[in-house]
Amino acid sequence: QVQLVESGGGLVQAGGSLRLSCAPSGRTFSGYAMGWFRQAPGKEREFVAAISRKGGNADYTVYADSVKGRFTVSRDNAKNTVYLQMNSLKPEDTAIYYCAEDSGMSQDLHVGRASSYYYWGQGTQVTVSS
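Draft legend 1. Layout of the overall build of the protein chain. Of regular secondary structure, the protein chain possesses zero helices and 11 strands. Walking the protein chain from its N terminus toward its C terminus, one meets helices and strands in the order β-β-β-β-β-β-β-β-β-β-β. Scaling as 2.2 N^0.38, a compact globule of 130 residues should have a C-alpha radius of gyration of about 14 Å, and the protein chain matches this with 14 Å. In terms of overall dimensions, the protein chain has C-alpha extents of about 40 × 30 × 30 Å along its principal axes. Evaluated residue by residue, the protein chain yields a buried proportion of 43% over its 130 residues. For the protein chain, the proportion of contacts with a sequence separation of at least 24, taken over those separated by at least 6, is 58%. A total of about 6800 Å² of accessible surface is found on the protein chain, and carbon and sulfur atoms cover 45% of it.

Here's what the structure looks like:
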């Protein structure tokens, strides 16, 4: 069953903004890292951004070069929710966006690698018109 649920996708014009949310379904977060990935038609899944507790009690963030300065990933522990704020959207940002969570047991976690994650959401469509 789906254990992560994304929401907030939609249709926007170039230059617009969207905020995606990710929350667990029927459970609480148990991993160290939350990653955002996207897959556009005819393209392979690619890393977008991640936020992680691994390595200490403070979160750190990582961004793909293609979104750095435009996207911001954040975590609200009280609401048990992770967000992806997307600003200055471009048509090339059009894709299905997926959130993912690691198992919490990895000995060598690379947050930008899809294989590092265990739980995945069903995806939410983001379409940016030119």
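The structure having been displayed, the exposition proceeds.
Draft legend 2. Inspection of the nonpolar core at higher detail. Trp-36, Val-48, Phe-71, Val-73, Leu-84, Met-86 and Tyr-97 are the most contacted members of the largest nonpolar core, which totals 35 residues. Mapped by element, the contributors of at least two residues to this core are β3 (18–24), β4 (33–39), β5 (46–52), β7 (71–76), β8 (81–86), β9 (95–101) and β11 (124–129). The element best represented in this core is β5, accounting for five residues. Contact partners of Phe-71, with chain neighbours within four places excluded, come to Arg-38, Val-48, Tyr-63, Leu-84, Gln-85, Met-86, Asn-87, Leu-89, Asp-93 and Tyr-97.

Here is what the cut-offs are and how they apply
- The written sequence of each chain sets the order in which its residues are numbered from 1.
- Local features in this predicted model are restricted to residues whose pLDDT is 70 or higher, and side-chain atom pairs enter the listing and the counts only when it is 80 or higher, whereas totals over whole chains, interfaces and linings include all residues.
- The basis for every side-chain value is the complete set of heavy atoms in the structure, and neither hydrogens nor water enter the calculation.
- Strands are runs of DSSP state E lasting at least 2 residues, helices are runs of H or I lasting at least 4, and numbering of each runs from the N terminus.
- Between the two quantities, the radius of gyration covers C-alpha atoms and the globule rule is 2.2 Å times the number of residues to the power 0.38.
- Each residue is placed in one exposure class: buried if its accessible area under a 1.4 Å probe, protein chains only, is under 20% of its type's maximum, exposed if it is over 50%, and partly exposed if it falls in between.
- Between two residues, a contact is recorded if the distance between any of their heavy atoms is within 4.5 Å.
- Per-residue and other accessible areas follow the Shrake-Rupley method at a 1.4 Å probe size, with only the shown protein chains counted as cover for residues.
- Nonpolar cores were defined as sets of buried Ala, Val, Leu, Ile, Met, Phe, Trp, Tyr and Cys residues, with membership established by side-chain atoms within 4.5 Å.

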